[in-house]
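Descriptive analysis of the structure
One letter stands for each residue in the lines below.
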Amino acid sequence: MTQSSNLQDKLISILKISTFLIFLGRAYQHIVWDAPYRAFLWDEGNLKGIVENIFGVTWNDYVTSLSAASAISFSIRTIGVFYLLCAIATLLMKPNMKKLGKLFLLGGSIGLFILALLYCKEKFFHVGQFFEYTIQFMSPVLLYMVMFTAIEFKKIRLIALIAIALTFSCHGLYAIGYYPRPGTFIDMTLNTLPITEPSAHLMLKIAGVLDFVVAIAIFIPRISYAALIYAFVWGGLTAIARLAGHFHIDFLGNTFSQWTWEMLIRLPHALIPLFVMIADRPEIRLWEKLSFRKKTQTI
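Residues numbered from 1 in each chain as written. Predicted model: local features only at pLDDT ≥ 70, side-chain atom pairs only at ≥ 80, totals over all residues. Heavy atoms only, no water.

1. Focus on the nonpolar core
- If you look at the biggest cluster of nonpolar residues, it comprises 76 residues, and the most contacted ones within it are Ile-164, Ile-218 and Phe-275.
- Per-element tally for this core: the top contributor is helix 8 (residues 134-148), with 11 residues.
- Counting eight residues, the second-largest nonpolar core is a separate cluster that includes Leu-173, Ile-186, Met-188 and Leu-204. (Core = buried A, V, L, I, M, F, W, Y, C linked by side-chain atoms within 4.5 Å. Buried < 20%, exposed > 50% of the residue type's maximum accessible area, 1.4 Å probe, protein only. Helix = DSSP H or I, 4+ residues; strand = E, 2+ residues; numbered from the N terminus.)

Given below as structure tokens:
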């Protein structure tokens with residue numbers, strides 16, 4: 001096997017793992033916990049006219065209806081099952097499965113995109129809240145482009161860099177306090193490091209500034225590799241902190257159930273920088289010559 005071919009296999013594997021983790025985490029969230037669809041479905045300003053004029057039900061009857069609430073919960077779990085199928089399909093995906101790729105990779109990505117919009121709405125339309133999920137809804141797209149299109153790898157690499165920059169910079173907006181700093185940020189920091197609360201706030205501000213630095217540095221050739229290493233390490237640590245920072249030995253089952261999926265959907269914040277970093281290794285830089293074009297048969 002040539003060095004170029006081996007590199008291609010590694011890059012595809014990283015994207016597969018990243019996409020699988022996102023779909024698996026979101027599947028567990030939807031099936032076991034909840035997702036913010038009610039932020040839209042119970043929005044009186046947008047849906048009251050539709051509910052009352054089309055379905056002939058008063059808004060109060062709709063929002064207090066047990067059958068409507070049950071239907072919404074069932075629909076959320078159904079979406080979770082779809083994400084689970086997306087996760088399984090991702091691991092089994094081969095170059096001759098383009099139609100299945102469109103269904104599960106692109107279909108799943110659209111679902112993740114809508115979910116990001118819902119989280120944005122739930123957070124009072126903070127634009128940063130939406131773009132913080134860029135890596136998550138773009139991972140399936142990157143995998144699809146690598147496996148089923150003839151797009152030049154340098155363009156795929158650029159898209160990956162943009163996704164990294166948006167995710168890290170928008171995370172930084174919360175860390176520096178531009179948007180209200182989530183209490184979970186403080187809790188995770190205090191639970192994982194032996195520092196005081198004021199020190200935790202200061203540390204998060206510094207981390208937020210570094211998020212902005214990384215978002216710029218990954219586009220500067222001479223320092224991009226070092227910036228990607230930082231993104232890989234910091235992305236991994238912030239993902240693991242979701243579980244480690246809320247770990248309670250007395251409530252072990254609940255800890256894993258509530259926070260493992262939160263960790264899984266954020267591990268790609270480390271894997272996508274790793275994806276670019278491997279291709280950017282100074283001694284290789286084979287991405288300039290890579291071509292993922294393959295003769296495929298659709299299924």
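Picking up where we left off.
2. Observations concerning the confidence of the model for the chain
- When pLDDT is averaged along the chain, the result is 92; 93% of the residues meet or exceed 70.
- The low-confidence segment residues 295-299, where pLDDT is below 50, has 11 contacts with residues more than four positions distant or belonging to other chains. (pLDDT = per-residue confidence, 0-100. Contact = heavy atoms within 4.5 Å.)

3. Points about the state of the cysteines
- This structure, assessed with the given rule, holds zero disulfides.
- Its sulfur unpaired, Cys-120 is 9.9 Å from the next cysteine sulfur, which belongs to Cys-170.
- Owing to a relative accessible area of 8%, Cys-120 belongs among the buried residues under this scheme.
- The exposure class assigned to Cys-170 is buried, which follows from its relative accessible area of 7%. (Disulfide = S-S within 2.5 Å.)

4. Here's the deal with the packing of helix 5 (residues 66-92) against helix 6 (residues 98-122)
- At a minimum axis distance of 9 Å, the contact between helix 5 and helix 6 shows a crossing angle of 135°. In this view, helix 5 runs oblique relative to helix 6, as classed from their interaxial angle. As helix 5 packs across helix 6, the resulting crossing turns out to be left-handed. On helix 6, the residues that touch Phe-82, Tyr-83, Leu-85, Cys-86, Ala-89 and Thr-90 of helix 5 are Leu-103, Phe-104, Leu-105, Gly-107, Gly-108, Gly-111 and Leu-112.
- Considered class by class, the residues forming the contact of helix 5 with helix 6 number nine nonpolar, four polar and no charged. (Axes fitted to C-alpha atoms, helices over the stretch in contact; angles between N-to-C directions. Parallel < 35°, antiparallel > 145°, perpendicular 65-115°, else oblique. Left-handed = near helix turned anticlockwise from the far one by under 90°. Nonpolar A, V, L, I, M, F, W, Y, C, P; charged D, E, K, R; others polar.)

5. A closer look at the pattern of salt bridges
- The tally for this structure, following the rule as stated, stands at six salt bridges.
- Lys-154 is the partner of Glu-152 in a salt bridge, and the nearest nitrogen-oxygen pair spans 3.9 Å.
- A residue is classified by how much of its surface remains accessible, and Lys-154, at 49% relative accessible area, is partly exposed.
- One salt bridge in this structure joins Asp-280 and Arg-157, with 2.9 Å as the shortest N-O distance. Here Arg-157 lies in helix 9 (residues 153-175) and Asp-280 lies in the segment after helix 14 (268-279), a separation of 123 residues in the sequence. By the burial criterion, Asp-280 is buried, and Arg-157 matches it. (Salt bridge = Lys/Arg side-chain N within 4 Å of Asp/Glu carboxyl O.)

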